[in-house]
Amino acid sequence: MSYNPNEIEAKWQKKWDKEKAFEARESKGKKKYYVLEMFPYPSGKLHMGHVRNYSIGDATARFKRMQGFNVLYPMGYDALGLPAENAAIKNKRNPKEWTWEKIEEMKKQQEMLGFSYDWTRMVATCDESYYHWNQWFFLQLLKKKLAYKGKAKSNWCASCGTVLANEQVEDGNCWRCHNPVAEKEFEQWFLKITDYADELLKDLDKLKDWPQRVKTMQKNWIGRSEGVEVYFKEKDSGKVIPTFTTRPDTLFGVTFVVFAPEHPLVTEFVKGTELEADVKKFIEEVKGQSLIDRLAEGKEKRGIFLGKYAINPVNGEVVPIFAADFAVLEYGTGMVMCVPTHDQRDFEFAEKYELQKRIVIQPKDKALDAFAMEKAYVEEGVLVESGEFNGLKNTEAIKKISKWIEKKKIGKRTVNYKLRDWLISRQRYWGTPIPIIYCEKCGMVPVPEKDLPVKLPANAPFTGEGNPLDKVSAFVNVTCPKCGEKARRETDTMDTFVDSSWYFLRFCSPGDKKAMFDKKKASYWMPVDQYIGGIEHAIMHLLYARFFTKALRDIGMIKFDEPFTRLLTQGMVLKDGEVMSKSKGNVVDPTVISNSFGADTARTFIISVALPTKELEWSDKGAEATFKFLRRVYEFVDSNKSMFGKGKIDKKRLSSADRLLLSKANRTILQVTKQMAGFEFNFALSEITRLFSAVQKAENADKNVLDFATRSLVQLLAPFAPHLCEELWQKLGEKGFVSLSNWPKGNEKDIDRKAEQAEEFLDGIVEDVRHIKELAKIEKPQKIVLFTAPAWKWMAIPIAAKACEKRPDIGAVLKALMQNGEMRKYGKEVQGFVKALVPRLVLLKEAEKIDEIVVLKEAHPLLEKIFGCSIEIESADKSTHPKSRNAMPLKPAIFME
RNA sequence: GCAGGGAUAGGGAAGCGGUCAAACCCGCAGGCCUUAGGAGCCUGUCGCUUAGUGCGUUCGGGGGUUCGAAUCCUCCUCCCUGCACCA
């Protein structure tokens, strides 16, 4: 029988399902392990990134299961969001129907690939029973004052009367009607993530098993900065202008002040002056740009003078006030004190508008000249022209000036975060309705918990204009829960990031009707032990999920601080150096691979190409090689069934070839186990491949050894190619699932690395057998020590010489060789010489001419072992080494007692 | 623009101070096996050279540190990811 993946895969998928092989149950006696992949948006089609993500996750889940953990490995769908609504507008489809159809399509593909999910725990966020708890949690946050209403700007298309997502703005225009998009301010809902800014930052330290880069990104995103608020004053009115700065050391160099254009004071300042019209025009221009446009790349800084002046409280200087687009209302106070000599943005602005510059920090080694500068000087230095602070190092000055400002009451120390509160309002249909009712009498009234969930109405009109929910009167017009009078329902829905910020908890008790999740079950399974997903979620999703976890802890639902113990961010799947995307037309459909070669090949291949964390460049050709490998494994086991023994291995009676195979099997097991734990899946596969070649080559091997090697191989391969391995496991006479078998144990004692290495050498020189005779003329020594690769090439000779002195029996050979003239030179040549020598000696051994070969990989630790003495090598590092440039240190310090 | 990550042989991808002309996979070339092979096995695959070997030039580009750099530092170029121009 030849390898038929389709048949095998269907067979085992059915069996797993029938015997509920992967259903997870809480069990106190067993150690739990929660493996989770970032759940997908159900687009209906799996792409390579998904397959990669799930292949990594499934391998992990299966490995942990085999290691005896009680594994929870669920799958769900992040099913609310824009695409369903777009489909509704475009194809006149009902978003709910459309979404469920896509979920089914997606699930089917996942099942075909044989991932070991516990499907009984499937969750879809568009399910009322799921978003019910979004609403419930929102109400809890409201109670805690962690949800509030505030003003926020959105992209607004006037002609469609619709709020647009960033994605729906194309070059500043509406994607539907192509009219320009503006910003418009609305009352919208926020979650107060900033209350947790400090904790979110601090707890990053607890996340020992997160990639450093993700932590760095989050840290920068939270952006805690300590600084001071300095109170400038407007010259005429005396109005206080608080500006935030992290560089109080530059305060004496302020030459102008800048306001965010939207700042209310801007219009106030120019009211009734001749500048009013121009300033208004400027503000409109800035506002007229969509958010996207304003952030566009390479934009020149623009501003306008407001005709007013501010007094610098530290030195009484009077400086002009501008409105400028590079000041952001939401950060700090929206007002910035500008020091063009020591801040690059300020510098560019000053250059453009020909404003004054004054240097207040001088570097040690050179003197800056304000007129000659080509960019701002932002490094360290010593203060000048700064009154009583002259001569201080600027790092010192920051502390001293901050204190001084507080003392003089012209400002105060503050902490600022880049992190802003989370705007969750979306003016769209396909999201969780925000459970709020507005009553004319009672004002804003939360929907009582007993009335949850607030369900999405089934029959909303999808025209692409406005929010469909606004048009469903049965949804909008309600009675006030408090007074019973007529009232209006909130029609904003929630950002879908809300759904994805706690779904991992829902998996612990997916059907729960009474609560967001079962506290006991959650406390058993959580936190997630291994989370796996794309680097593109490094900030937002992961930060929101961390925030929710902390908020849930504070309302008593859970008792831990962080949701994900370990995080693996998988690399992107690229094609021709670019991300696969429809617009680029370079999408490779993973089902094509699985249809022609089977799921096992698709999964094993994608795992074998690159380290999970690295980018993966897709190539169609490689899959075939993986298929061939799997087929060879199949055929080998299938055709050799009768050759496998069942008995115990009798180590005393093994031939050297058998011992070698046993050694390889054991070493591979240990190696692969280590690599699995470290997510070095591609290396693990390459080890498995090597073991297979050894197994395949082992003719006339001891049946029991062969059986052990083969059996182990099947188990090691099972996390990657589970269907094939189940089939082989059965062929090997096993009754249960290999997926639930015990991970093989390697025995360190059975490993003979030296023998293996010797064999590796031998492998490479089959062609040279004819030289044996020639070489065999050398007399039989007792022992040979080889220095194949001394850690320090130039030490090879001295070490060898010392060795000769200590052990004449070894030395004899080396001496002879040196006298032979071949070891005259230092460095590379020694290696070359040794390389040439090794194969010959191996062959000699095969010919029984010598007793033993010791191959030294690192010269000195092994020397220690052999001679039983300590060898110190004074390493040639900077501290100990003479400065001499060209002189090679020919006298390495080797001390042998 | 800000923040984070990359660039290694024909392609992909390891290596991250001396064991590196650089694992592994694909491609390509030769041999074996075969009626045949798009199957399998073996060998070779930077250039020149050898019986073994040796020599020369390489790890995006320039500079630097070191006895020694693909590996560390610095500048530059290009690519990817996220974004809220964050003072």
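Predicted model, so just to flag it, every value in this text is computed and none were measured.

About the cut-offs
By convention here, each chain's residues receive numbers from 1 onward along its written sequence. Chain labels run from A onward and ligand labels from 1 onward, assigned in the order the entries are written. Per-residue local features are limited, in this predicted model, to residues with pLDDT of at least 70; the limit for side-chain atom pairs, both in listing and counting, is 80 or more; totals at the level of whole chains, interfaces and linings are taken over all residues. Based on all heavy atoms of the structure, the side-chain values leave hydrogens and waters out of the count. Axis lines are fitted through C-alpha atoms, for helices just across the contact stretch, and the angle between N-to-C directions can take any value from 0 to 180 degrees. Helix numbers and strand numbers start at the N terminus; a helix is a DSSP run of H or I with at least 4 residues, a strand a run of E with at least 2. Here roughly perpendicular refers to angles of 65 to 115 degrees, roughly parallel to angles under 35, roughly antiparallel to angles over 145, and oblique to all remaining angles. In this scheme, a crossing is called left-handed if the near helix is turned counterclockwise away from the far one by less than a right angle; it is called right-handed if the turn is clockwise. For this analysis, residues touch if any pair of their heavy atoms sits within 4.5 Å. Polar here means any residue outside two lists: the nonpolar Ala, Val, Leu, Ile, Met, Phe, Trp, Tyr, Cys and Pro, and the charged Asp, Glu, Lys and Arg; Gly therefore counts as polar. Each aromatic pair joins two rings of Phe, Tyr and Trp (for Trp, the six-membered one) with centres within 6.5 Å, and gets the label stacked for planes under 30 degrees apart, edge-to-face for over 60, and tilted for any other angle. Buried residues are those whose accessible area, probed at 1.4 Å on protein chains only, stays under 20% of the maximum for their type, while exposed residues exceed 50% and partly exposed ones sit between those limits. The criterion for a charge sitting over a ring is simple: Lys NZ or Arg CZ within 6 Å of the ring centre, and within 35 degrees of the ring normal. Being paired, for any two strands, means DSSP has found at least two bridges between them. Definitions used for this entry: grid spacing 1 Å over protein atoms alone; cavity, a set of points where a 1.4 Å probe fits but cannot get out; pocket, an open set with protein on both sides within 12 Å along at least 5 of 7 lines; lining residue, one with an atom within 4 Å of a point. Grid points are joined across faces, edges and corners, and a volume is the space filled by probe spheres set on the points. The quantity called pLDDT is the predictor's confidence in a given residue, expressed from 0 to 100. Salt bridge criterion: a side-chain nitrogen from Lys or Arg within 4 Å of a carboxyl oxygen from Asp or Glu.

With respect to the packing of helix 22 (residues 681–697) against helix 23 (residues 703–717)
Contact pair helix 22 / helix 23: the axes reach a minimum separation of 10 Å and the direction vectors enclose 155°. With respect to helix 23, the element helix 22 is oriented roughly antiparallel. Where helix 22 crosses over helix 23, the handedness of that crossing is left-handed. Listed contacts from helix 23 to Leu685, Ile688, Leu691, Phe692 and Val695 of helix 22 are Leu706, Ala709, Thr710, Leu713, Leu716 and Leu717. Of the residues in the contact of helix 22 with helix 23, the class split is 10 nonpolar, one polar and no charged.

A closer look at the packing of aromatic side chains
Summed over the entire model, instances satisfying the criterion amount to 47 aromatic pairs. Between the aromatic rings of Trp422 and Phe548, the centroid separation amounts to 5.6 Å while the plane-to-plane angle is 50°, which identifies the pairing as tilted. With a gap of 126 residues between them, Trp422 in strand 19 (residues 422–423) and Phe548 in helix 17 (residues 540–554) connect regions that are remote in the sequence. A single burial state applies to Trp422 and to Phe548, both of which are buried. With a centroid separation of 6.0 Å and an interplanar angle of 10°, the aromatic rings of Tyr429 and Trp430 are classed as stacked. By the burial criterion, Tyr429 is buried, and Trp430 matches it. Aromatic ring contacts, followed pair by pair, group Phe137, Tyr196, Trp422, Phe497, Tyr544, Phe547 and Phe548 into a single cluster. Positioned above the aromatic ring of Trp119 is the side chain of Lys107, whose terminal nitrogen or guanidinium carbon lies 4.9 Å from the ring centre.

Details of the pairing of strand 12 (residues 256–259)
Consecutive residues of a regular strand have side chains that alternate between opposite faces of the sheet. Across the two faces of strand 12 the burial is the same, with Phe256 and Val258 and Val257 and Phe259 all buried. Two elements, strand 12 and strand 15 (residues 335–338), share four bridges in a ladder whose sense is antiparallel. Within strand 15, the residue paired with Val258 across the bridge is Val336. Sheet analysis places strand 12 next to strand 14 (residues 318–324), joined by three bridges and oriented parallel.

Remarks on empty space enclosed by the protein
Here the idea is plain: a probe the size of a water molecule rolls over the atoms and shows the empty space left. Counting across every chain of the model gives three cavities of 30 Å³ or more. In this structure, the largest cavity occupies an estimated 160 Å³ of space. Contributions of two or more residues to the lining of the largest cavity are made by helix 3 (82–91) and strand 6 (162–164). Tallied by class, residues from the lining of the largest cavity come to seven nonpolar, seven polar and three charged.

Some points on the confidence of the model for chain A
Averaged over every residue, the pLDDT of chain A is 78; residues scoring 70 or more account for 80%. Within the model, pLDDT remains below 50 along residues 760–897, and this stretch shows 152 contacts once partners closer than five positions in the same chain are excluded. Predicted complex, confidence summary: ipTM 0.82, pTM 0.81.

With respect to the sheet that holds strand 2 (residues 70–72)
Strands sit in the order 2-1-26-27 across an open sheet of four strands; the sheet is parallel. The open sheet is flanked by strand 2 and strand 27 (564–570), the only strands paired with a single partner. In this sheet, neighbouring strand axes are inclined to one another by 20° on average, regardless of whether the strands run parallel or antiparallel. Relative to strand 2, strand 1 (residues 32–37) is paired through three bridges, and the arrangement is parallel. Among the inter-strand pairings, Tyr33 is bridged to a residue of strand 2, identified as Val71.

Section: the pattern of salt bridges
Using the criterion set out here, one finds 41 salt bridges in the structure. The salt bridge partner of Lys192 is Asp195, with a shortest N-O separation of 3.9 Å. Glu562 is the salt-bridge partner of Arg546, the closest N and O atoms lying 2.9 Å from each other. Of this pair, Arg546 sits in helix 17 while Glu562 sits in the loop between helix 17 and strand 27; the two residues are 16 residues apart in sequence, bridging distant segments of the chain. This pair shows no difference in class: Arg546 is buried, exactly as Glu562 is.

So, the pairing of strand 9 (residues 182–191)
Taken together, the 10 bridges between strand 5 (residues 147–157) and strand 9 define a ladder with antiparallel strand orientation. Among the inter-strand pairings, Tyr148 is bridged to a residue of strand 9, identified as Phe190. In the sheet, strand 9 pairs with strand 19 via two bridges, with the strands oriented antiparallel. From the neighbouring strand, Leu191 faces strand 19, where its bridge partner is Trp422.

Details of unusual backbone geometry
Residue Pro453 follows Leu452 across a cis peptide bond; omega there is 0°. If you trace the backbone, Pro453 turns up in the loop between strand 22 (443–446) and helix 13 (473–476). Cis geometry marks the peptide bond from Met526 to Pro527; its omega dihedral reads -10°. Looking at the secondary structure, you find Pro527 in the loop between helix 16 (519–525) and strand 26 (528–534). Positive phi, close to 60°, is recorded for Lys145, a residue that is not glycine. Tracing the sequence through the fold places Lys145 in the loop between helix 5 (128–143) and strand 5.

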